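Fold and geometry: a report
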Amino acid sequence: MDARVKRRDQRDQHSLTTPKLAEHFFRHEYGRLVATLSRRVGVQYIEAVEDAVQSALMTALENWTIAGLPDNPSAWLFRVAHNHLMGELRQRTARRRILEQNAKEDIGPPENGPEIFLAGEVRDDLLRMLFVCCDEAIPVESQLVLALKTLCGFGIREIALRLFTSEANVYKRLGRALGRLRKHPTLHGDLTGDQYASRLPAVTKILYLLFTEGYLSSHAEMAIRRELCDEAIRLAAILAEHPVGQAPETFALLALMHLHAARIAARRDGSGGLLLLEEQNRELWDRQRIQVGLEWLAKSAQGDSFSRYHAEAGIAAEHCLAPSFQETRWDRVAECYSMLERIAPSAIHKLNRAVAVAEWQGPAAGLGVLEGFEPPTWLAGSYLWAAVLADLHRRCGKTQTAKRYRDVAFESAPTPAVKALLQRRLRTGSPG
Amino acid sequence: MPKQNYLCIQRSQPGKGGKPSPAQMEEMYAKFSAWKEKFRENIVDMGGKLKGGGKIVTSEGATDGPFVEAKEVIGGYMIVSAESMEQATEVARQSPGVWMPGSSVEIREISTP
């Protein structure tokens, strides 16, 4: 029987089953509706838009659970949110009479749903909203919060949980972003082609941050970390489909996201403890996703530019392609790290290069990379620096120096999971 | 065992609980669906949410009410069938009507002649 007919039948029987909605339906509809409606009425009304969307979702929750799903839930939501928003803006007009003068052309008559939900337009709206969030006048950490709130549909408490910060801090960051959107008339209409082009690096950066927040997070719940990675991939895929986002950097970013996400499940053992790359069960890696990542990587190589995303995707690809830890092409990994060091200088990249060189040419060569290098204080005091030096010295037979670094590493381990990992690696790791 | 019908009256305290986030709504939708499925044999009439305002009618006439300033308002109703008050209580205890802070469900058996 046709699924829809079947659903109708069930609805007639007191609608005692509630049909399943797509995963993250409410959250993703929130993002879509906020993007679409704020394009229509202007980003300066974003708070009114968010209120209207919130109340439409609430109305949906109350109605659908009792009466069953409408035929087109997205169109239903759009209609309810749109009417709610128009009502609110009309009330404001009555009070202030601005709408009449400023926004007559922007706000058309309330339209009926389905035809506006052409997939292309929705994607464009989401993408546009992403570029709106990445205004250089908004600090990066506020851009991130704004994107999580408006595009991913996370609540304040959920954002705080995911970014390891307080709710008050999230409010503060969001307030800054909203203040900017309220004030800036250039944002009210559509962005210009130049604005799209000049904001692209900020957009890729925010998606990269969103991804790493999930991937590197030490949050205990895998589902929560996965969710941020999935959101980043979802938005990056939309970006890569659109002419404004079709650049080698975008493709490389998608490659690196897929190549990391493919291995995320293998990074933890059964009880949630962290696993080293060499301890991971490579059978658990998602081969299909690795393939997708490699395809994006190939696509990113067309053209002259080589970004940090290219270097990072290259490193991830080497790990994905290696049959085992020992058989990794460490020369290529080391080479990618030195390119990464040149493009995006950071002491952490040098440290990583030292690790790769040690696997490639031996621990002494690894130490050689760091010779005469003064680490910045944030790194010198971290467990990462101490752990790498403890490991390399131990493998070179310098037991005393190794012990000294090992103690520092244990002391500065930020979480019990990291500490357990260090104890395993630094006590029993295979000798040189 | 014969079943009796029970009227469930849901009450809530206005302004309590705040606005749920979309992710919380997803959770509520899923919980609601699971609850409905679990007690499908017991639910006679899903009833519905009651809008605010209304009239109070007596033989003398009609006045506006109930007032929204009231500490507790009736938010919805449903009818369930159950073998006993205990069973009806269990249906209500697991129902969405009691999820929000400050909300409660009153259960009254509908007497049959």
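Remember, it's a predicted structure, so these values are computed and weren't measured experimentally.

Time to look at the packing of helix 3 (residues 46-67) of chain A against helix 1 (residues 22-38) of chain B. Packing of helix 3 of chain A against helix 1 of chain B brings their axes to within 10 Å, and their N-to-C directions diverge by 5°. Taken together, helix 3 of chain A and helix 1 of chain B sit at an angle that is classed as roughly parallel. Where helix 3 of chain A abuts helix 1 of chain B, its residues Gln54, Leu57, Met58, Leu61, Trp64, Thr65 and Ile66 of chain A lie against Pro22, Met25, Met28, Tyr29, Phe32 and Lys36 of chain B. Here the residues of the contact of helix 3 of chain A with helix 1 of chain B sort into 10 nonpolar, 2 polar and 1 charged.

This part is about the sheet that holds strand 2 (residues 43-49) of chain B. Residues and elements named next belong to chain B. Reading across from one edge, 2-5-1-6 is the order of the 4 strands in this open sheet, with antiparallel pairing throughout. The open sheet has two edge strands with one neighbour each: strand 2 and strand 6 (104-109). Taken over all neighbouring pairs, the strand axes of this sheet differ in orientation by 20° on average, direction set aside. As judged from the 4 bridges shared by strand 2 and strand 5 (residues 73-82), these two strands associate in the antiparallel manner. Bridged to lysine 49 within strand 5 is glycine 76.

With that out of the way, let us pick up the packing of aromatic side chains. Counted under the stated rule, the structure contains 12 aromatic pairs over all chains. Where phenylalanine 25 of chain A meets phenylalanine 26 of chain A, the ring centres are 5.9 Å apart and the plane angle is 85°; that geometry is what we call edge-to-face. Looking at phenylalanine 25 of chain A, the relative accessible area reads 11%, which means it is buried. Overall, phenylalanine 26 of chain A belongs to the buried group, its relative accessible area being 1%. By way of ring pairs, the aromatic residues Phe25, Phe26, Trp64 and Trp76 of chain A together with Tyr29 of chain B are connected into one cluster. Over the face of the ring belonging to phenylalanine 251 of chain A we find lysine 299 of chain A, whose NZ or CZ atom lies 4.5 Å from the ring centre.

The rules behind each value
- Residues numbered from 1 in each chain as written.
- Chains lettered and ligands numbered in written order.
- Predicted model: local features only at pLDDT ≥ 70, side-chain atom pairs only at ≥ 80, totals over all residues.
- Heavy atoms only, no water.
- Axes fitted to C-alpha atoms, helices over the stretch in contact; angles between N-to-C directions.
- Helix = DSSP H or I, 4+ residues; strand = E, 2+ residues; numbered from the N terminus.
- Parallel < 35°, antiparallel > 145°, perpendicular 65-115°, else oblique.
- Contact = heavy atoms within 4.5 Å.
- Nonpolar A, V, L, I, M, F, W, Y, C, P; charged D, E, K, R; others polar.
- Pairing = 2+ DSSP bridges.
- Phe/Tyr/Trp six-rings, centres within 6.5 Å; stacked < 30°, edge-to-face > 60°.
- Buried < 20%, exposed > 50% of the residue type's maximum accessible area, 1.4 Å probe, protein only.
- Lys NZ or Arg CZ within 6 Å of the ring centre and 35° of its normal.

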